[in-house]
Amino acid sequence: MNLKQIKEKISNFKVEVPSWGFGRSGTRFHAFHIPGEARNIYEKIDDAAFVNKITDGVSAVAIHIPWDKVDDYKALKEYAENKGLKIGAVNPNYFEEENYLYGSLSNSNIKIRKMAIDQTFECIEIMRQTDSKVLSMWIPDGSNYPGQIDFKGSFELLEDSLKQITKELDSDMTMLLEYKFFEPAFYSTLLCDWGTSYMLSKELGDKVKVLIDLGHHPQGTNIEYIVSILSYKGKLGGFHFNSRKYADDDLTVGSIDPYELFLIFVELNKYFDLSSENQEISLVLDQSHNVKPKIPAVIQSINNLQITYIKSLLVDFEKLNKAQEEHDVIKAEEILKSAYETDVREILREVRKEKGLPEDPIKYTKESDEYWKIVKERA
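Summarised in this report is the structure supplied together with it. Values in this document were obtained by computation on a predicted structure and should not be read as measured data.

Let's talk about the overall build of the chain
In step 1: A tally of regular secondary structure across the chain gives 14 helices and 10 strands.
In step 2: Expected size for 379 residues packed as a compact globule is a radius of gyration near 21 Å; at 21 Å, the chain falls within 12% of this value.
In step 3: Counting only C-alpha atoms and orienting by the principal axes, one finds that the chain spans roughly 60 × 60 × 40 Å.
In step 4: Looking at the 379 residues of the chain, the share that counts as buried comes to 53%.
In step 5: Considering only intrachain contacts with a sequence separation of at least 6, the fraction spanning at least 24 residues in the chain is 77%.
In step 6: Accessible area for the chain stands at about 18200 Å²; split by element, carbon and sulfur atoms hold 50% of it.

What about the packing of aromatic side chains?
In step 1: As enumerated under the stated definition, the model contains 17 aromatic pairs in all.
In step 2: A centroid spacing of 6.3 Å and a plane angle of 85° characterise the contact between Trp194 and Tyr225, whose relative ring orientation is edge-to-face. Here Trp194, found in helix α6 (residues 194–204), pairs with Tyr225, found in helix α7 (residues 223–232); they are 31 residues apart in sequence, far enough to count as distant.
In step 3: We classify Tyr225 as partly exposed; its relative accessible area is 47%.
In step 4: Judged by centre distance (5.0 Å) and plane angle (65°), the rings of Tyr371 and Trp372 are edge-to-face.
In step 5: On the accessibility criterion, Tyr371 (5% relative accessible area) is buried.

Some remarks on α7
In step 1: Burial of α7 is extensive: seven of the 10 residues sit out of reach of the surface.
In step 2: Along α7, the residues that are buried comprise Ile223, Glu224, Ile226, Val227, Ser228, Leu230 and Ser231.
In step 3: Taken together, the buried residues of α7 touch α6, β8 (208–213), β9 (236–241) and α8 (258–271).
In step 4: Two or three places before Glu224, at the opening of α7, Asn222 has a side-chain oxygen 3.4 Å from that residue's backbone nitrogen.

What to know about unusual backbone geometry
Keep in mind that most residues, glycine aside, have a negative phi and that most peptide bonds are trans.
In step 1: The amide bond that connects Ile65 to the next residue, Pro66, takes the cis arrangement and shows omega of 20°.
In step 2: Looking at the element boundaries, Pro66 is found in the loop between β2 (58–65) and α3 (73–82).
In step 3: That bond from Glu183 to Pro184 is cis: its omega, 5°, falls within 30 degrees of zero.
In step 4: Here Pro184 is to be found in the loop between β6 (174–178) and β7 (188–189).
In step 5: Of note in the backbone geometry, Asp56 takes a positive phi value of approximately 50° without being a glycine.
In step 6: With respect to the helices and strands, Asp56 occurs in the loop between α2 (41–55) and β2.
In step 7: Residue Asp56 is classed as partly exposed on the basis of its relative accessible area of 23%.
In step 8: Although it is not a glycine, Glu183 adopts a positive phi angle of roughly 80°.
In step 9: Along the chain, Glu183 turns up in the loop between β6 and β7.

Topic: the pairing of strand β1 (residues 15–18)
In step 1: In this sheet, β2 lies alongside β1 in parallel orientation, the contact comprising four bridges. For Glu16, the partnering residue across the bridge sits in β2 and is Ala60.
In step 2: The β-α-β motif built from β1, the intervening α2 and the parallel element β2 has right-handed crossover chirality.

Quick word on the nonpolar core
In step 1: Of all hydrophobic cores here, the largest spans 88 residues; its most connected members are Leu105, Met137, Leu162, Phe239 and Phe241.
In step 2: Looking at this core, the element that brings in the most residues is helix α9 (residues 294–313), giving nine residues.
In step 3: Leu263, Ala323, Ala332 and Ala339 belong to the second-largest nonpolar core, a separate cluster that totals 10 residues.

So, the pairing of β2
In step 1: Counting buried positions over the eight residues of β2 gives seven, a clear majority of the element.
In step 2: Both β2 and strand β3 (residues 87–92) contribute to a ladder of four bridges, which runs parallel. Along β3, the bridge assignment pairs Ile65 with Pro92.
In step 3: Note on the crossover from β2 through α3 to β3: the handedness is right-handed.

Digging into the side chain of Thr196
In step 1: Tracing the chain through its elements places Thr196 in helix α6.
In step 2: For Thr196, the contacting residues outside a window of four places in its chain are Phe155, Leu190 and Leu191.

Side note on the pattern of salt bridges
In step 1: Taken as a whole and assessed by the stated rule, the structure comprises 30 salt bridges.
In step 2: Note that Asp47 and Arg378 form a salt bridge whose closest N and O atoms lie 2.8 Å from each other. On the criterion of sequence distance, the pair formed by Asp47 in helix α2 and Arg378 in the segment after α14 (369–377) is long-range, its members being 331 residues apart.
In step 3: Given a relative accessible area of 0%, Asp47 falls into the buried group.
In step 4: Put simply, Arg39, Glu43, Asp47 and Arg378 are held in one network by salt bridges that share partners.

Examining helix α12 (residues 345–354)
In step 1: Within α12 the residues assigned to the buried category are Ile347, Leu348, Val351 and Arg352. When α12 is viewed along its axis, its buried side chains cluster within an angular range of 135° and face the same direction. Across from the buried face of α12, at angles greater than 90 degrees, the exposed residues are Lys353 and Glu354.
In step 2: Just downstream of α12 lies Gly356, where phi reads positive at about 75°.

What counts as what
- Residues numbered from 1 in each chain as written.
- Predicted model: local features only at pLDDT ≥ 70, side-chain atom pairs only at ≥ 80, totals over all residues.
- Heavy atoms only, no water.
- Helix = DSSP H or I, 4+ residues; strand = E, 2+ residues; numbered from the N terminus.
- Rg over C-alpha atoms; globule rule 2.2 N^0.38 Å.
- Buried < 20%, exposed > 50% of the residue type's maximum accessible area, 1.4 Å probe, protein only.
- Contact = heavy atoms within 4.5 Å.
- Areas by Shrake-Rupley, 256 points an atom, 1.4 Å probe, with all protein chains shown as cover.
- Phe/Tyr/Trp six-rings, centres within 6.5 Å; stacked < 30°, edge-to-face > 60°.
- Polar contact = N/O pair within 3.5 Å; in protein donor to acceptor, adjacent residues only side chain to side chain.
- Pairing = 2+ DSSP bridges.
- Right-handed = clockwise from strand over helix to strand, strands pointing away.
- Core = buried A, V, L, I, M, F, W, Y, C linked by side-chain atoms within 4.5 Å.
- Salt bridge = Lys/Arg side-chain N within 4 Å of Asp/Glu carboxyl O.
- Arc of directions from axis to C-beta.

Here you go:
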């Protein structure tokens, strides 16, 4: 791939940003106030628009229900569009309602299951009003103690609930099944790994695919392998970018293992054109910024993704495939490392300059009167 093609691809590369990445967030112990954090969905869209203004790297804003509930969703859609953005994936919340203490879509109490199903139907209606095409499902159901639930029985209830929800989806909508191997269920989680989500997505049909969250894996998991196999089988529908040192996804993407992130991009490139406006995969930042200021953290994340994406485009697949066929292990690895170790920041600066964007968006934000006005107004 020549320089012109690389610059064109990075110029068109965009990701969804999460509404929750701009608002108040916290740890198990406390939600600390971070100056400048957004107080409602409209301010979250404003922040996403600011990020897009200086990076041109934002495609849409993923919303979370009920955190982002409003009275008029068509007005919310128009507000986002007036800011040059769209409403992206809609994410139902199954982990804060008191009735969900012992599960939501798999609860043995039929009234509580119906409550969770109806809540999801509400999200599908929100999708219709906002022209969203992705229902992003993280289902925390499981158990904390041996004997608490019957594994098969609970899974059957979950499967039945999801079948009802799938029937409600419009023909152009996709349900993404996210998985997580633990938390808040510490003994067993119904959707605990990619195999379980893949099996269920196959059972539910073409409208259902798997969502990979970078932070939702045990230590040492080869996530790039999962990306490859799910993509090969046509069942990878989304990827949530973040990072983790031990568990979960509370860290900025690229902050812990940037080489892993690079290898994931290498696999994604084999199956998807990540620069296409009509992507067949939903790319979303899923980060909870508990220490960093919100807007700069999202900008830093997009910067990290852009740099890593460019590096992944430098891989010479013709040489790599030849080395693999010849079982030249060292050469194959060095081809990947050569691309990863290339300093591509000047390419990114050139693209930004050509588009009239700040060449260093992190530095620009720190010195921006507009940004500090936002922080002051929300003090």
